[in-house]
Amino acid sequence: MNLIKTNFTVTEFVLLGLSSQPTIRLILFIMLLFYLLTVVGNVIIILIIQIEPFLQTPMYFFLTNLSFLDICYTSTNVPQMLSNMVGKRTIHFSSCATQMFFSLSFGMTECVLLGVMAYDRYVAICHPLHYTLTMGQSTCIQLAAISWSSSFLSSMVINILTLSLPYCGPDVLNHLFCEVPSILRLACTDTSVTEMVVFIFSVIIVFIPFLLIVVSYARILLSVLRMRSASGRHKALSTCASHLTVVALFYGTAIFMYMRPQSKSSRAGGKIIAVFYTVVTPMLNPLIYSLRNQDVKGALRRAVVKQRT
């Protein structure tokens, strides 16, 4: 910690946000109103899964983790974005470091967790007779624990390297909140080594789970095509549709932000993408799982009926 403080000759950063783009700033303000919907929607998903006995399966165990993760992730960044909009645009470097650590940790955890969820669907569809044994309670807990712990450790390494660089000015952060790519631009020294480390961890935590997702769904597709029953094919694909939609939304933005060379990144485009994966995607996840998943829709209907009676 002393090393970090020594290298920081600036004590706080000034977040520019989208102040120079009033139209986009208005859109951002409207999107931030969805923060409450994000929290409420994901809390409802968690509660429904907990109170419905037939949803006590590995798939919904991981969905509970995902919903809790989305609440944590959006709550890490949205309050700072709201504060920025009402006029407080400075953030102390220790607060910036804390936000950067948790934001990256939650984002990485979601990457790994989505890979685990794809593997769960692969086992359920391609090896249904071994599903209960393969995806037992202890295995699910271990997979979830690995997703969280590996991501937090990776984020710690990246943040230590990033914060160990000298920051002697400027102190203007051209972003909506503290994030590794935008912080590295302010370093007063060559950041190529740190950027390479960030890229390597991005490959490990982002790209490898993505490959697991691709391989899992390739095997699922082959298995579905071999099914003789049309209803069986429809049921198998319907259980995967929600997860695939979430994967497309999350990975599309994550790869754009963290797996492109920094020199080629569009800062304005990066801000819009940041709004999308910080505000929009966590808000859409509960809607996707409730609208496209028959089990969750049925549980929601029963919960509403119980409240009315």
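What counts, and where the lines are drawn
Counting restarts for each chain: residues are numbered from 1 in the order of the written sequence. Totals for whole chains, interfaces and linings use every residue, but because this is a predicted model, local features are given only for residues with pLDDT of at least 70 and side-chain atom pairs only at 80 or more, for both listing and counting. Calculated side-chain values reflect all of the structure's heavy atoms, with hydrogen atoms and water omitted. Here a salt bridge means any side-chain nitrogen of Lys or Arg lying within 4 Å of a carboxyl oxygen belonging to Asp or Glu. Buried, partly exposed and exposed residues are distinguished by accessible area as a fraction of the type maximum, computed with a 1.4 Å probe on protein chains only: under 20%, between the cut-offs, and over 50%, respectively. Secondary structure elements are defined from DSSP: runs of H or I of at least 4 residues count as helices, runs of E of at least 2 residues count as strands, and each element is numbered from the N terminus. Should DSSP find at least two bridges between two strands, the strands are taken to pair. Throughout, a contact is declared for two residues whenever any of their heavy atoms are within 4.5 Å. Here an angle of 0 to 180 degrees is reported between the N-to-C directions of two axes, which are lines fitted to C-alpha atoms, with helices fitted over the stretch in contact. An angle below 35 degrees is read as roughly parallel, one above 145 as roughly antiparallel, one from 65 to 115 as roughly perpendicular, and any other as oblique. The handedness criterion is simple: a crossing whose near helix is rotated anticlockwise from the far helix by less than a right angle is left-handed, and one whose near helix is rotated clockwise is right-handed. Among buried residues, the Ala, Val, Leu, Ile, Met, Phe, Trp, Tyr and Cys ones that are joined through side-chain atoms within 4.5 Å form a nonpolar core. One fewer than the residue count of a helix, multiplied by 1.5 Å, yields its expected span. One axis fitted to the seven residues ending at a residue, another fitted to the seven starting there: the angle between these axes is the bend at that residue. Counting rule for disulfides: a pair of cysteine sulfur atoms within 2.5 Å. A pocket, in this scheme, is an open set of points on a 1 Å grid over the protein atoms alone with protein on both sides within 12 Å along at least 5 of 7 lines, while a cavity is a set where a 1.4 Å probe fits but cannot get out; residues line either one if an atom lies within 4 Å of a point. Grid points are joined across faces, edges and corners, and a volume is the space filled by probe spheres set on the points. Basically, the charged four are Asp, Glu, Lys and Arg, the nonpolar ten are Ala, Val, Leu, Ile, Met, Phe, Trp, Tyr, Cys and Pro, and anything else, Gly included, counts as polar. UniProt positions are given in the numbering used here, feature names are shortened, and annotations may be inferred rather than shown by experiment.

**Describing the pattern of salt bridges**
If you walk through the whole model with that rule in mind, you get one salt bridge. Between Asp-120 and Arg-121 there is a salt bridge; the shortest N-O distance is 3.0 Å. A single burial state applies to Asp-120 and to Arg-121, both of which are buried.

**Some words on the pairing of strand S1 (residues 12-15)**
Only one face of S1 is covered, namely the one carrying Phe-13 and Leu-15; the face carrying Glu-12 and Val-14 has none of its residues buried. Bridging between S1 and strand S2 (residues 90-92) involves three bridges; their strand directions are antiparallel. For Val-14, the partnering residue across the bridge sits in S2 and is Thr-90.

**Some remarks on the side chain of Thr-109**
Among the secondary structure elements, Thr-109 is positioned in helix H5 (residues 93-126). Residue classification places Thr-109 among the buried positions, given a relative accessible area of 0%. Excluding its chain neighbours within four sequence positions, the residues that come into contact with Thr-109 are Leu-69, Ser-147, Trp-148, Ser-151 and Phe-152.

**As for the sheet that holds S1**
Taken in spatial order, the three strands line up as S2-S1-S3 in an open sheet, and their pairing is mixed. Single-partner strands in this sheet number two, and they are S2 and strand S3 (172-173). Direction of pairing for S1 relative to S3: parallel, over a ladder of two bridges. Bridge assignment links Val-14 to a residue of S3, and that residue is Val-172. Against the sheet, H5 touches S1 and S2, its axis set at about 85° to S2.

**Considering the packing of H5 against helix H9 (residues 192-225)**
In contact at an axis separation of 8 Å, H5 and H9 are set at 20° when each is read in the N-to-C sense. When the axis of H5 is compared with that of H9, the two are roughly parallel. You can see that H5 and H9 cross each other, and the crossing is left-handed. Counted together, Met-108, Cys-111, Val-112, Leu-114, Gly-115, Ala-118, Tyr-119, Arg-121, Tyr-122, Ile-125 and Cys-126 of H5 and Phe-201, Ile-205, Val-206, Pro-209, Leu-212, Ile-213, Ser-216, Tyr-217, Arg-219, Ile-220, Ser-223 and Val-224 of H9 form the full contact between these two elements.

**So, the nonpolar core**
In globular proteins that are soluble, nonpolar side chains generally tend to be buried together. Of all hydrophobic cores here, the largest spans 53 residues; its most connected members are Leu-66, Leu-114 and Tyr-251. The contacts of Leu-114, once residues within four sequence positions are left out, are Leu-66, Ile-213, His-243, Val-246, Val-247, Phe-250 and Tyr-251. Within the second largest apolar cluster, 25 residues are counted, among which are Leu-15, Met-108, Val-112 and Ile-158.

**Quick word on the environment of Ser-151**
Along the polypeptide, Ser-151 turns up in helix H7 (residues 137-163). Among the residues examined, Ser-151 registers a relative accessible area of 0% and is labelled buried. With 46 residues separating them along the chain, Ser-151 and Ser-105 place their C-alpha atoms 5.4 Å apart. Each residue touching Ser-151, except ones within four places of it in the same chain, is listed here: Ser-105, Met-108, Thr-109, Val-112, Ile-146 and Ile-205.

**A closer look at H9**
End to end, H9 covers 47 Å across 34 residues, agreeing with the expected 50 Å (1.5 Å per residue, within 8%). Helix geometry: H9 is bent most strongly at Val-203, by close to 35°.

**Overview of the state of the cysteines**
Under the counting rule described, the total for this entry stands at one disulfide. The disulfide that involves Cys-96 links it to Cys-178, with 2.0 Å between the sulfurs. Of note, the bridge from Cys-96 to Cys-178 carries an S-S torsion of about -125° and is left-handed in sense. Placement of Cys-96 in helix H5 and of Cys-178 in the loop between S3 and helix H8 (180-184) is noted, with a sequence separation of 82 residues between them. Just as Cys-96 is buried, Cys-178 falls in that class too.

**Concerning the layout of surface pockets**
One way to see where empty space is left: roll a probe the size of a water molecule over the atoms. Roughly 420 Å³ of volume is contained in the largest pocket. Looking at the largest pocket, it is lined by 18 residues, and the ones nearest its centre are Met-59, Arg-121, Lys-235, Thr-239 and Asp-295. Of all the elements, helix H10 (residues 230-258) adds the most residues to the lining of the largest pocket, at five residues. Partitioning the lining of the largest pocket into residue classes produces eight nonpolar, six polar and four charged.

**Quick look at the UniProt feature "transmembrane region" (unreviewed entry) in the protein**
Under the present numbering, the feature "transmembrane region" (unreviewed entry) in UniProt falls on residues 26-48, 60-80, 100-119, 140-161, 196-215, 236-259 and 271-291. Taken as a whole, residues 140-161 contains 100% helix and 0% strand, while its terminal C-alpha atoms sit 32 Å from one another.

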